[in-house]
Structures are given as C-alpha cells and as structure tokens.
Amino acid sequence: MLNEKLHSYIEGLISERNLLLTEMENYASVHNVPIMELSGIETMLQLLRIHHPQKILEVGTAIGYSALRMVHVLPNAQIVTIERDLERIQVAEQFINRSEHSDQITLIKGDALEVEDAISRHAPFDVIFIDAAKGQYKKFFEIYSKYLNNDGMIITDNVLFKGLVAEPVIETKRIRNLVKKIDEFNHWLMSHPSYDTVILPVGDGVAISKRRGESI
Ligand code: SAH
Ligand code: MG
C-alpha cells in the first residue's frame, strides 16, 4: 500500500464530486456502507475512459455509488447491477432516481449466485466489476465471465483486504478464513489461462483482468 502521506496527498488532488455523489459519500460514511475507496474508483474510472465499454455488469450495487460514478464518465453505457440487501436496494433506487443518468442503470434485485438467468438476458458485457461478498469472488467470476466479450475486462475490488493478505498471522478466525479465500482467489486469478491480470495497490486493492482474445 502507499504510505499514508502519499495516499492523502493523492486523494487531496482529486476534485470534489457533484452534490448528489457527495451526499452519497456522506451517507456511506455515516451508515458504514463500504463503497469503493476514492483512489480505487478513480483508477477504475480511468480504465473505463480508455476502454469505453458499452455494457457493464456490476456485482454489488450497495447504494448505487459506483454505478452512478461509472455512468457519469460513460454517457452512452448501460450498467446492469446486482444487489441482495433490501435496505440498500431501496436507498440505491432513491439515489439513482434522483440522478439524470437513471435510465442507464438496471438494478437486479437478488443474490448474485441466483440471478444468472436474469443477467444472461442482458449479456454480453464489455466489463464486469466484482465488488460483493469477498468469500465468493471465484464463484462470481466463474458464473459471470461466461457473459464477457472476447476482449472484455473484469475488475475486482478489495483483493488486498486492507493489506491483510500479506499478514503472516491473523488472530480472528473469521477474518483469517476470509483472507485465505481472497489469497486463493488472487493466486487462481493470476494464473488463469484465459486472463492477464495485474493487481494494483490502490484503494483496497484492485485486480484488472483482461481476457485474452482469440488471436494475438
Ligand atoms: N460497488 C459499491 C459497493 C458495494 S459493497 C460501490 O462501490 O459503490 C458490497 C455490496 O455487495 C453490499 O451492499 C452487499 O449487500 C452486496 N452483496 C454481497 N454479496 C452479494 C451477493 N451474493 N449478491 C448480491 N449482492 C451482494
Ligand atoms: Mg469494494
């Protein structure tokens, strides 16, 4: 991870978001909603500006913050996003409806492990963004990578889990098990024959996996 000083320096250079997004950031902070960290999301948005996807699948809407940030930089893109938590779904719908980009976002309500049929109707996707239950990352990847375009990209958040993946000893059993799962996912992903992956130490750790096309 970047040291704290540099991290604050970089975050201090990032310009303020608009009123609605700032309100969402405050809501997330007050209600402990784990929206993507600023440096992580800025990195992802820059990749999206370069890749200019038309269709994105997001696993883990929370209150709709990352989805709204994505449509802000991609005015022609459609985002399909999955959330299972009823309260967060309600809050997300309210925030999304207040945005002028609401017609670009389709919220699928349910567990990402169970809504494959609904998602497949929106396929294929140019980008898949995985940002939900950390213990299930491999499953999300396996289910939804089927619906990724040939030259598509999969972005996965929280792969460094506050740096814990590099800690030799973790006291709490629940956290230790979760770290083990993320570490296994990272190894699996880094050696996946169909993807080239880089892990960036920004935000909470962001993996960028680019699908290897048919031809070189
Ligand atoms: N992408 C959001 C943050 C997502 S936080 C942003 O940056 O703004 C992770 C969200 O994933 C939580 O709201 C949680 O309820 C949801 N989630 C976790 N596991 C899920 C699953 N299996 N199916 C659907 N949603 C899930
Ligand atoms: Mg996250």
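To be clear, the structure that these remarks concern was listed above.
Mind showing me how you'd approach the nonpolar core here?
Generally speaking, soluble globular proteins have nonpolar side chains that are buried together. In this structure, Met24, Met44, Leu48, Ile63, Leu68, Met70 and Ile155 are the most contacted members of the largest nonpolar core, which totals 36 residues. Of all the secondary structure elements, the ones that give two or more residues to this core are helix H2 (19-31), helix H3 (38-51), helix H4 (65-73), helix H5 (86-98), strand E3 (105-109), strand E4 (125-130), strand E5 (148-157) and strand E7 (206-211). In this structure, Leu48 is in contact with Pro53, Ile56, Met70, Leu74, Val127, Met153 and Ile155, ignoring residues within four places of it in sequence. Counting residues in each nonpolar core, the second largest holds 25 residues, with Val115, Phe125, Ile130 and Tyr144 among its members.

Looking at this structure, I do not really get the coordination of the magnesium ion (ligand 2). What am I missing?
Think of it this way: four donors in a tetrahedron around the metal ideally sit 109.5 degrees apart, and six in an octahedron ideally sit 90 or 180 degrees apart. Every protein donor of the magnesium ion (ligand 2) is listed here as Asp131 (OD), Asp157 (OD) and Asn158 (OD1), and their distances to the metal cover 2.0 to 2.2 Å. All donors of the magnesium ion (ligand 2) belong to a single chain; written as a sequence motif, their spacing is D-x25-D-N. When sorted by exposure, Asp157 lands in the same class as Asn158, which is buried.

Would you explain the pairing of E3 in this entry?
Taken residue by residue, a regular strand's side chains alternate between the two faces of the sheet. Of the strand pairs in this sheet, strand E2 (residues 78-83) and E3 are connected by five bridges, and their pairing is parallel. By the bridge assignment, Ile82 is partnered in E3 with Ile108. Chirality of the crossover, the property in question, places the unit of E2, H5 and E3 among those that are right-handed.

What's the story with the sheet that holds E7 in this structure? I'm lost.
The strands that make up a sheet are held in pairs by hydrogen bonds between backbone atoms, and each pair lies either parallel or antiparallel. With mixed pairing, seven strands are arranged side by side in an open sheet as E3-E2-E1-E4-E5-E7-E6. The two strands at the open ends of the sheet, each matched to only one other strand, are E3 and strand E6 (195-200). Each neighbouring strand pair of the sheet contributes to a mean axis angle of 15 degrees, computed without reference to strand direction. Each of strand E1 (55-59), E4, E5, E6 and E7 is contacted by H3, which is oriented at about 170 degrees to E5, the strand it contacts most.

Could you clarify how one ought to interpret the site of ligand 1 in this entry?
Near ligand 1, the surroundings consist of 21 residues, among which Met36, Gly60, Glu83, Ala112 and Asp131 are the closest. Between ligand 1 and Gly60, the relevant distance is 2.8 Å, taken from a nitrogen atom to a main-chain nitrogen or oxygen of the residue. Contact between ligand 1 and Glu83: an oxygen atom at 2.6 Å from a side-chain N or O atom of the residue. For ligand 1, the accessible surface in isolation is 580 Å², of which the surrounding protein chains cover 94%.

Is there a simple way to think about the pattern of salt bridges in this case?
Think of it this way: side chains of opposite charge can pair up when their charged atoms draw near. Within the structure shown, the criterion is met by nine salt bridges. Arg69 is the salt-bridge partner of Glu42, the closest N and O atoms lying 3.0 Å from each other. Here Arg69 lies in helix H4 and Glu42 lies in helix H3, a separation of 27 residues in the sequence. With relative accessibility at 8%, the residue Arg69 sits in the buried group.

Explain unusual backbone geometry here, please?
Comment: phi is negative for the bulk of residues other than glycine, and the bulk of peptide bonds are trans. For the bond from Ala123 to Pro124, the omega torsion is 0 degrees, close enough to zero to count as cis. Mapped onto the fold, Pro124 is located in the loop between helix H6 (116-120) and E4. Located in the positive-phi region is Asn32, a residue other than glycine, with phi close to 55 degrees. Relative to the assigned elements, Asn32 resides in the loop between H2 and H3. Unusually for a residue other than glycine, His52 sits at a positive phi of about 30 degrees.

Parameters and conventions
Residues numbered from 1 in each chain as written. Chains lettered and ligands numbered in written order. Predicted model: local features only at pLDDT ≥ 70, side-chain atom pairs only at ≥ 80, totals over all residues. Heavy atoms only, no water. Core = buried A, V, L, I, M, F, W, Y, C linked by side-chain atoms within 4.5 Å. Buried < 20%, exposed > 50% of the residue type's maximum accessible area, 1.4 Å probe, protein only. Helix = DSSP H or I, 4+ residues; strand = E, 2+ residues; numbered from the N terminus. Contact = heavy atoms within 4.5 Å. Donors = N, O, S within 2.8 Å, 3.2 Å for Na, K, Ca; no water. Pairing = 2+ DSSP bridges. Right-handed = clockwise from strand over helix to strand, strands pointing away. Axes fitted to C-alpha atoms, helices over the stretch in contact; angles between N-to-C directions. Near = heavy atom within 4 Å. Polar contact = N/O pair within 3.5 Å; in protein donor to acceptor, adjacent residues only side chain to side chain. Areas by Shrake-Rupley, 256 points an atom, 1.4 Å probe, with all protein chains shown as cover. Salt bridge = Lys/Arg side-chain N within 4 Å of Asp/Glu carboxyl O.

Note that all results are geometric; they support no functional claim without further evidence.
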